[in-house]
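# A look at the structure
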Amino acid sequence: MQTLLESVRMSVRVRTSAYDDELKTYALTALYDLDRLKIKYKHCNDKENIFDAEDVESEIVNCVCTYVKSQFGNTQADYKEKLFKSLYYYLSLKKNVDS
């Protein structure tokens with residue numbers, strides 16, 4: 001199983017750790033936005049170690065990767081931003097149904 005950071009790297013097709021700080025910054029922005037929307041996930045209180053965790057929910061990984069892709073580089077940025085917002089919307093609806 002991959003860690004969150006490995007998944008983010010793969011999603012933007014980066015093979016080295018040279019961009020890890022930038023990728024983590026974008027990923028943390030997505031995670032803080034999920035917190036702001038009160039969408040709970042494993043490790044939501046442990047952002048220091050979330051990048052090494054291998055058991056982050058697939059919906060959260062997908063949402064974080066989509067956000068990072070929308071910010072990292074500029075290819076199809078508008079499309080990726082819309083996709084990211086639709087994932088947030090889906091997660092917020094799912095949160096309300098699961099509650």
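Okay, so let's go over this structure. (Residues numbered from 1 in each chain as written. Predicted model: local features only at pLDDT ≥ 70, side-chain atom pairs only at ≥ 80, totals over all residues. Heavy atoms only, no water.)

## Overview of the packing of helix α1 (residues 4-11) against helix α3 (residues 58-71)
In helix packing, the relevant descriptors are the interaxial angle and the interaxial distance, both defined with respect to the helix axes. Inclusion rule: With axes taken as lines fitted to C-alpha atoms, and helix axes fitted only over the stretch in contact, angles between N-to-C directions fall between 0 and 180 degrees. Numbering of helices and strands starts at the N terminus; helices are DSSP runs of H or I of at least 4 residues and strands are runs of E of at least 2. Comment on the angle field: the value is read as roughly parallel under 35 degrees, roughly antiparallel over 145, roughly perpendicular from 65 to 115, and oblique elsewhere. Crossing chirality is assigned from the near helix's rotation relative to the far helix, an anticlockwise turn below a right angle marking it left-handed and a clockwise turn marking it right-handed. Any two residues whose heavy atoms approach within 4.5 Å at even a single point are treated as in contact. Only Asp, Glu, Lys and Arg are considered charged in this grouping, and only Ala, Val, Leu, Ile, Met, Phe, Trp, Tyr, Cys and Pro are considered nonpolar; every other residue, Gly among them, is considered polar.
Between α1 and α3, whose axes approach to 9 Å, the crossing angle comes to 45 degrees. Between α1 and α3, the interaxial angle falls into the category oblique. Taken as a pair, α1 and α3 cross one another with a handedness that is right-handed. Of the residues in α3, those touching α1 at Leu-4, Ser-7, Val-8 and Ser-11 are Val-61, Val-64, Cys-65, Val-68 and Lys-69. Looking at the contact of α1 with α3, its residues break down into six nonpolar, two polar and one charged.

## Description of the packing of aromatic side chains
Our working rule: The aromatic pairing rule takes the rings of Phe, Tyr and Trp, using the six-membered ring of Trp, and pairs them if the centres are within 6.5 Å, calling planes under 30 degrees apart stacked, those over 60 edge-to-face and the rest tilted.
Scanning the entire structure with this criterion turns up one aromatic pair. Ring centres of Tyr-19 and Phe-72 lie 5.5 Å apart, and the angle between their planes is 80 degrees; on these two criteria the pair is classed as edge-to-face. Of this pair, Tyr-19 sits in the loop between α1 and α2 (20-36) while Phe-72 sits in the loop between α3 and α4 (77-98), and the two are 53 residues apart along the sequence.

## Observations regarding the packing of α2 against α3
Where α2 contacts α3, the axes come no closer than 9 Å and their chain directions differ by 125 degrees. On the basis of the axis angle, α2 is oblique to α3. Like other packed secondary-structure pairs, α2 and α3 cross with a definite hand, here right-handed. Of the residues in α3, those in contact with Leu-23, Tyr-26, Ala-27, Thr-29, Ala-30, Leu-31 and Leu-34 of α2 are Ile-60, Cys-63, Val-64, Tyr-67, Val-68 and Gln-71.

## So, α1
What counts here: When accessible area is computed with a 1.4 Å probe and restricted to protein chains, residues below 20% of their type maximum are described as buried, those above 50% as exposed, and intermediate ones as partly exposed.
Most of α1 is tucked away, with six of its eight residues classed as buried. Taken as a whole, α1 has its buried residues at Leu-4, Leu-5, Ser-7, Val-8, Arg-9 and Ser-11. For α1, the secondary structure elements touched by its buried residues are α2 and α3.

Keep in mind that these numbers describe shape and distance, not what the molecule does.
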